[in-house]
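Summary of the model geometry
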Amino acid sequence: MTQVLEKQRESSIVVEKKGLTTNYAIAQAVKDVDVDVIAAYPITPQTTIIEKLAEYVANGELDAEFIPVESEHSALSAAVGASAAGARVFTATSAQGLELMHEILHIASGLRLPIVMAVPGRALSAPISIHGDYQDLMNIRDTGWIIYIASTAQEAYDTIIEAFRVAEDPRVQLPVIVSYDGFLMSHTTEPVELYDPKVVREFTPRRLNTRPILNPEKPTTIGALATPDWYYEIKYQAINALKLSRSVINEVDSEFNEKFSRSYKPVEGFMIDDADYVLVTYGGAATWNALEAAKEARDRGLKAGVLRIRLFRPFPADDLTKALSNAKAIAVVDRAVAPGSPIEGPVFKDVYIALHMAGIDKPMLSVIHGLSQRTMYIRDFYELYYRLKDIAKVGKSPQESLFMGLR
Amino acid sequence: MSELKSWTQIPIGGYIIEPKNSINNKTGSWRTQRPVINQDACTRCRICWLYCPEPAILELDKPYVAKNGRKYNITFEVNYDYCKGCGICANECPVKAIKMVPEVVQQ
Ligand code: SF4
Ligand code: SF4
């Protein structure tokens, strides 16, 4: 959701309002920030991003190297090489493609390469599925990337612009993923305001050589072995940079707000201030359906609210606990699953830990829903509010995840 | 071994920004056996120098007179700062002039 400032935006900044799928909005943003290299391999539901980018490169709208590769493993490897040489690099993938990239994900963050990648989330095989959820994203949670989860096509467009700024900031130098709902957003058309590319480029100045880059004039080895005496320290640099990126992410968003009159907080509350019962969500469909349900519940006198997590890594524990401190009961709706965990909701675990670290102990419910795009009805979310009411009365968290919509 | 720096002092991502700095990393520390060259048996054939993967065999301009009276202008010695004790030189030496000696003798 966007907050338009009172301050009038310079009218020349928005050049067009267009109906775009989130995938096309991503491609447009990548063109507007003027990337140098795109290395990608097609996979549903990501493919239309790189198809569009290939078209931009082919027709001369975007002056970039488009590297078609034979797998996602190669796509990210090529991206790593190009980024190490100082190029501004974009790639995109989903599901099995993201899994195939897995080992290189760690390399990109460990080598501190500011690559930006779009990930419309998709279920993982087996059974084979091309449909949307966030199981792919949750599987790569610990690879050291900054991870945003957008909820609208406009937000996805804006976040790509912010992502390049954050990634290339000398205080950060980390790769960034911008994720969103596979199909429910990637292939759904929404109105998107597009900015003047000149202004976008001013907002994202190239800062690609603040770290050493591959350069024959000044030889540098990137990716050398680190013996046990050195590994820990080098890894800690990246861990610390991810933690500290929180402040840069906020700073970049404030500046984005100044320039484009839009702002996205790490967590975004709806009717949250006086809410007794809160559904914590991420992505588009879960959030907007929960919001509809919250409105209906409010109509019947239940103080319902929604808290959307927009910044997933680094996890905004402080903002989240602040927003949830007055709730009586909380459910976290996960469109992903962590089998065999003490409780199966992956983001539930983060929220639970964040609250307990802050000394807040409330009845909480872990909900699994929308796997492989199983329909999440508004009435499901509505039902959750009444479940929370019961749970609050009992005063105890259920010990099992609720697998909603399961036959 | 070079000085162990803190994470704040190491170049970003462990990049090596100073070429040839591997020379500071004295890899000899993990050796369990050391090659010892018998200078009287050695025929200066250079095979150990060729095979050593480090390379840690030094060819020195050091004249030497062997017990059998043969005079050599050069001498092969082991650079123990980098020799990792793999034993390839001893294995390849055609006249078995190199002996692998344990670094730590069991009591
Ligand atoms: S033991 Fe191995 S490393 Fe040492 S000198 Fe011989 S060949 Fe080189
Ligand atoms: S291989 Fe043996 S004989 Fe040849 S130079 Fe080395 S030590 Fe001497």
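Per-chain numbering applies: the sequence of each chain, read as written, is numbered from 1 onward. Here every chain gets a letter starting at A, and every ligand a number starting at 1, in the order they are written. With the structure being a predicted model, the display of local features is reserved for residues of pLDDT at least 70 and the display and counting of side-chain atom pairs for 80 or more, all residues being used for whole-chain, interface and lining totals. To get the side-chain values, take all heavy atoms of the structure and skip hydrogens and water.

A run of DSSP states H or I qualifies as a helix once it reaches four residues; a run of E qualifies as a strand once it reaches two. Both are numbered from the N-terminal end. When its secondary structure is counted, chain B shows two helices and six strands. Written out in order from the N terminus, the α and β elements of chain B read β-α-β-β-β-β-α-β. Radius of gyration here uses only the C-alpha atoms, and the compact-globule reference equals 2.2 Å multiplied by the residue count raised to the power 0.38. The C-alpha radius of gyration of chain B comes to 17 Å, more than 25% above the 13 Å expected for a compact globule of 107 residues. With the C-alpha coordinates aligned to their principal axes, the bounding extent of chain B is approximately 60 × 40 × 20 Å. Burial analysis of chain B (107 residues in total) assigns 31% to the buried set. In this analysis, two residues are considered to be in contact whenever any of their non-hydrogen atoms come within 4.5 Å of each other. Contacts in chain B between residues far apart in sequence, at least 24 positions, make up 65% of those at least 6 positions apart. Using the Shrake-Rupley algorithm and a 1.4 Å probe, accessible areas are obtained, with residue cover drawn only from the displayed protein chains. For chain B, the exposed surface amounts to about 7200 Å²; the carbon and sulfur share of it is 53%. When charges are counted, Lys and Arg contribute as positive and Asp and Glu as negative, whereas His and the chain ends are disregarded. Working definition for charges: the position is that of NZ of Lys, CZ of Arg, CG of Asp or CD of Glu. Averaging the positions of the 14 positive and the 10 negative side-chain charges in chain B gives two centres separated by 6 Å. Accessible area is worked out with a 1.4 Å probe on protein chains only. A residue is then buried under 20% of its type maximum, exposed over 50%, and partly exposed in between.

Across a sheet, paired strands are connected by hydrogen bonds in the backbone, their directions being either parallel or antiparallel. Residue and element names in this part refer to chain A. Two strands pair if DSSP finds at least two bridges between them. The strand order β3-β2-β4-β5-β7-β6-β12 describes an open sheet built from seven strands, whose pairing is mixed. Edge positions in the open sheet fall to β3 (65-68) and β12 (311-313), since each of these has one partner strand only. Each strand axis lies, on average, 20 degrees off the axis of its neighbour in the sheet, ignoring direction. In this sheet, β12 lies alongside strand β6 (residues 146-149) in antiparallel orientation, the contact comprising two bridges. When the bridges of β12 are listed, I147 appears paired with R313. To get an axis, a line is fitted to the C-alpha atoms, and for a helix only the part in contact is used. The angle between two axes follows their N-to-C directions and goes from 0 to 180 degrees.

Counting residues at the interface gives 20 residues for chain A, matched by 16 residues for chain B. As used here, buried area is the combined drop in accessible area, with a 1.4 Å probe, of two parts when they are placed together. Carbon and sulfur atoms make up 67% of the area that chain A and chain B hide from each other, which totals about 1600 Å². We define a salt bridge as a side-chain nitrogen of Lys or Arg found within 4 Å of a carboxyl oxygen belonging to Asp or Glu. In this assembly, chain A and chain B are joined by zero salt bridges. For the side of chain A that touches chain B, the element with the most residues is helix α9 (residues 228-260) of chain A, which contributes seven residues. Under the grouping applied here, Gly and all other residues not named as nonpolar or charged are polar, the nonpolar ones being Ala, Val, Leu, Ile, Met, Phe, Trp, Tyr, Cys and Pro and the charged ones Asp, Glu, Lys and Arg. Looking at the side of chain A that touches chain B residue by residue, the classes come out as nine nonpolar, six polar and five charged.

The next thing to look at is the site of ligand 1. Any residue with at least one heavy atom within 4 Å of a molecule or strand is counted as near it. Within the structure, ligand 1 sits among P35(B), C52(B), P53(B), E54(B), I57(B), C83(B), K84(B), G85(B), C86(B), G87(B), I88(B) and C89(B). The residue inventory of the shell around ligand 1, partitioned by class, reads eight nonpolar, two polar and two charged.

The next subject is the site of ligand 2. Neighbouring ligand 2 are 13 residues; C42(B), C45(B), R46(B), C48(B) and C93(B) lie closest to it. Among the residues forming the shell around ligand 2, the class breakdown is 10 nonpolar, one polar and two charged.

Every residue gets a pLDDT, meaning the predictor's confidence in that residue, from 0 to 100. Overall, the prediction assigns chain B a mean pLDDT of 93, with 95% of residues at 70 or greater. Interface confidence for the predicted complex, expressed as ipTM, amounts to 0.89; the pTM equals 0.91.

Here we come to helix α5 (residues 102-110) of chain A. Those residues of α5(A) not exposed but buried are I104(A), L105(A), A108(A), S109(A) and G110(A). Looking at the buried positions of α5(A), the neighbouring elements they touch are α3 (72-84), α4 (95-100), β5 (116-121) and α9 of chain A.

The next thing to look at is the side chain of Q154(A). Residue and element names in this part refer to chain A. Along the chain, Q154 falls in helix α7 (residues 153-168). In terms of polar contacts, Q154 uses its side chain to reach the backbone amide nitrogen of E193, at 2.6 Å. When neighbours within four sequence positions are excluded, Q154 is seen to be in contact with P191, V192, E193, Y195, R262 and Y264. We call two N or O atoms a polar contact when they sit within 3.5 Å, provided that within protein one can donate a hydrogen and the other can accept it, with sequence-adjacent residues counted only if both atoms are side-chain atoms.

The next thing to look at is the sheet that holds strand β14 (residues 364-368) of chain A. All names here are of chain A. Across the sheet, six strands lie side by side as β9-β11-β10-β13-β14-β15; this open sheet has mixed pairing. A strand with exactly one partner marks an edge of an open sheet, and here the two such strands are β9 (267-270) and β15 (402-403). In terms of strand pairing, strand β10 (residues 277-281) meets strand β13 (residues 329-334) through four bridges, oriented parallel. Along β13, the bridge assignment pairs L279 with A331. Across the sheet, helix α10 (residues 284-299) is in contact with β9, β10 and β11 (304-309); its angle to β11 comes to roughly 165 degrees.

Attention shifts here to the packing of α3(A) against α5(A). Packed helix pairs are characterised by how far apart their axes lie and by the angle those axes make with each other. All names here are of chain A. Taken N-terminus to C-terminus, the directions of α3 and α5 make an angle of 15 degrees; their axes are 9 Å apart at the nearest point. Considering the angle they form, α3 stands roughly parallel to α5. Between α3 and α5 lies a crossing whose hand is left-handed. When α3 is examined against α5, the residues H73, L76, S77 and V80 are found in contact with a partner set consisting of E103, I104, L105, I107 and A108. When describing relative orientation, an angle under 35 degrees is termed roughly parallel and one over 145 degrees roughly antiparallel, while 65 to 115 degrees is termed roughly perpendicular and anything else oblique. Take the far helix as the reference: if the near one is turned anticlockwise from it by less than a right angle, the crossing is left-handed, and if turned clockwise, right-handed.

Before going further, it helps to examine the domain arrangement of chain A. How big an interface is tends to be expressed through the accessible area that disappears when the partners come together. Residue and element names in this part refer to chain A. The source of the domain bounds is an automatic or database domain assignment. We note that the domain assignment places domain 1 (3-263) and domain 2 (267-403) within chain A. Using C-alpha coordinates to define each centre, domain 1 is positioned 28 Å away from domain 2. Of the residues lining the interface, 29 residues belong to domain 1; the matching set on domain 2 comes to 26 residues. In this assembly, domain 1 packs against domain 2 so that about 2400 Å² is buried in total across both faces, 55% of it on carbon and sulfur atoms. On the domain 1 side of the contact with domain 2, M138, R141 and R246 bury the most area, a combined 26% of that side's loss. For the pair domain 1 and domain 2, the number of links is six salt bridges. The salt bridge partner of E155 is R308, with a shortest N-O separation of 3.0 Å. On inspection of domain 1 and its partner domain 2, the count reaches 18 residue pairs in polar contact (both at pLDDT 80 or more).

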